[in-house]
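The primary structure of each chain is shown beneath.
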Amino acid sequence: MSTTPESLKYNHVKQSPRQPQQCHNVSKRDLYDKNASSTASDDVMNSSWWWRTRSLNAPSPFQQFGPCGGIMKNSAMVMQIQDPASQRLTWYKPPLTVLVIKKVCDASVLTPFVQLVTWLVQEKNMVVWVESAVLDDITLNEDLQFRSVRDKLVTFKDGRDDLTDRIDFIVCLGGDGTLLYASLLFQQSVPPVMAFHLGSLGFLTPFRFDNFQEQLTSILEGHAALTLRSRLRCVMHRRSENRHGFEHAGDSCAEPPSPLANSILVLNEVVIDRGPSPYLSNIDLFLDGKYITSVQGDGLIVSTPTGSTAYAVAAGASMIHSSVPAIMVTPICPHSLSFRPIVVPAGVELKISVSPESRNTSWVSFDGRNRQELFHGDSLRITTSIYPVPSICAQDQISDWFASLGDGLHWNVRKRQKCLDELSDLTASGSEDTFDEIENTKLYDV
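What counts, and at which threshold
- Residues numbered from 1 in each chain as written.
- Predicted model: local features only at pLDDT ≥ 70, side-chain atom pairs only at ≥ 80, totals over all residues.
- Heavy atoms only, no water.
- Buried < 20%, exposed > 50% of the residue type's maximum accessible area, 1.4 Å probe, protein only.
- Helix = DSSP H or I, 4+ residues; strand = E, 2+ residues; numbered from the N terminus.
- Pairing = 2+ DSSP bridges.
- Salt bridge = Lys/Arg side-chain N within 4 Å of Asp/Glu carboxyl O.
- Patch = residues over 30% accessible without salt bridge, like charges linked within 9 Å, V, L, I, M, F, W, Y side chains within 5 Å.
- Areas by Shrake-Rupley, 256 points an atom, 1.4 Å probe, with all protein chains shown as cover.
- Contact = heavy atoms within 4.5 Å.
- Right-handed = clockwise from strand over helix to strand, strands pointing away.

Counting buried positions over the five residues of strand 11 (residues 269-273) gives five, a clear majority of the element. Every second residue of strand 11 is oriented toward a common face, with Glu269, Val271 and Asp273 on one face and Val270 and Ile272 on the other, all of them buried. Sheet topology places strand 11 next to strand 14 (residues 299-303); five bridges connect them, and they run antiparallel. Across the sheet, the residue bridging to isoleucine 272 is leucine 300, located in strand 14. Strand direction decides the pairing type here: strand 11 and strand 18 (residues 362-366), joined by four bridges, are antiparallel.

The following block contains the structure:
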């Protein structure tokens, strides 16, 4: 009889697709155990979900290791990672308000934009929000179809109006920049984002606009997979708050601004560089308060897994799937051939500051925006935010990502190697024949 503990045996009850599988410690050998029922084995092998029990991303139900070891019972220190396959969109109530973000200064997006907002207002009876600057487009206001719905649109101004808890759903029309802009607008919880590819690269925009009615109807009914794209929470700590215009003015009761007031969430990356200075940057890097190294070179990129396929991969970093909980640290043209990019666990805190012996200051930008100078004595603290961007998948988390690698970056595109059958006539040819002569012979034969 098998000695496998009951707690490790395979669970034959199919779990809800929204819940991560818990029993993933069973091995393939257990599935083929001679003492196990052949019927049970057939059921397992014929099921399309049996391998999910071995998902390494699923949280382990066991907190004890061996007779003595275990994980400290502290929810703040134990991070459980949800199985990406269980991340499915569901609506607690039918969505009513939708924010439509359009790529600016692109005439090719105007027609899809008009079709979309008209359909949402007239067919779905939804409240459509747009940025007020969009309505200033002269070409857009000349469209007769748009005039019929223009007065029904709700507008907001970036940096002035707070959209928190006002939007149920986001639709992006354009390139990857529209998704980055959506992330910037929501510095806390982000509504589900559906991004249509109407830009240049479109790595983060998996949907095509051809049949947007069917796709949107399916999403509004809650039939979609989600990729939870983690963001980085960045807080700037200044040695002197006077650089931000904070003056005590002799008031003993005045208080400096909270660090939270200077925080920002980024979806792609934080870039620290040497700016206009001709000298190499010298940046100290700390991890959870411990000194790690000094970065000497053109700068440093701290990116999310989503941002690993952006600036980081151009600087020589690896590509990380968006569902992997990690932070990537990539040097920009380091003054050392041995300084390779590193991946650290999500949740750690990175501290970045200008080295005391640095000849110049540094400059920092957040997703390509809010560029500001980092002076001696200032520090930038970066960690994983608790507010990810729920990006809606066209197919699923795996298919969308590899489709983006192939379509956007042409990943592993190469010439196919000939099989042996195509080269079988080489054995009959003389050893002095060259490949070029053999190919020319084939051409003449045709």
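Glancing now at the pattern of salt bridges. By the definition in use, this model includes five salt bridges. A salt bridge links arginine 238 to aspartate 378; the shortest N-O distance between them is 2.8 Å. In this pair, arginine 238 sits in the loop between strand 9 (232-237) and strand 10 (263-266) while aspartate 378 sits in the loop between strand 19 (369-374) and strand 20 (379-384), placing the two residues 140 residues apart along the sequence. An identical accessibility class is assigned to arginine 238 and aspartate 378; each is buried. Across the pair aspartate 273 and arginine 371 runs a salt bridge, and its minimum N-O distance is 2.9 Å. Separated by 98 residues along the polypeptide, aspartate 273 in strand 11 and arginine 371 in strand 19 bring together distant segments of the chain. Taking relative accessible area as the criterion, aspartate 273 reaches 15% and is therefore assigned buried. You can call arginine 371 partly exposed: its relative accessible area is 43%.

Quick look at a nonpolar patch on the surface now. Together, Leu201, Ile398, Phe402, Leu409 and Trp411 line one region of the surface with nonpolar side chains, adding up to about 460 Å² of accessible area. Assignment of secondary structure puts phenylalanine 402 in helix 9 (residues 397-409). Look at phenylalanine 402 and you get partly exposed, because its relative accessible area is 40%.

Structurally, glutamine 215 is set in helix 7 (residues 212-220). Once residues within four sequence positions are removed from consideration, glutamine 215 is found in contact with Met194, Phe196, Phe207 and Arg208.

This next bit is on the pairing of strand 6 (residues 169-174). The element strand 6 is largely enclosed, with a buried count of six among its six residues. Across five bridges, the pairing between strand 3 (residues 97-102) and strand 6 is parallel. Its bridge partner lying in strand 6, valine 100 is registered against valine 171. For strand 6 and strand 7 (residues 193-197), the ladder comprises five bridges, and the chain directions are parallel. When the bridges of strand 7 are listed, valine 171 appears paired with methionine 194. One crossover worth recording links strand 6 to the parallel strand 7 by way of helix 6 (residues 176-185), and it is right-handed.

Relative to the helices and strands, glutamine 145 resides in helix 5 (residues 144-150). Sequence spacing of glutamine 145 and threonine 118 is 27 residues, and the spatial spacing of their C-alpha atoms is 7.7 Å. Leave out the neighbours within four places in its chain, and glutamine 145 touches Val114 and Thr118.

Looking now at the environment of glutamine 395. Position of glutamine 395 relative to the elements: it lies in the loop between strand 21 (389-392) and helix 9. Note on glutamine 395: relative accessible area 54%, which makes it exposed. In the structure, glutamine 395 is positioned 171 residues away from alanine 224 in sequence and 7.8 Å away in space, judged by C-alpha atoms. Residues in contact with glutamine 395, not counting those within four places in the same chain, are Ala225 and Asp400.

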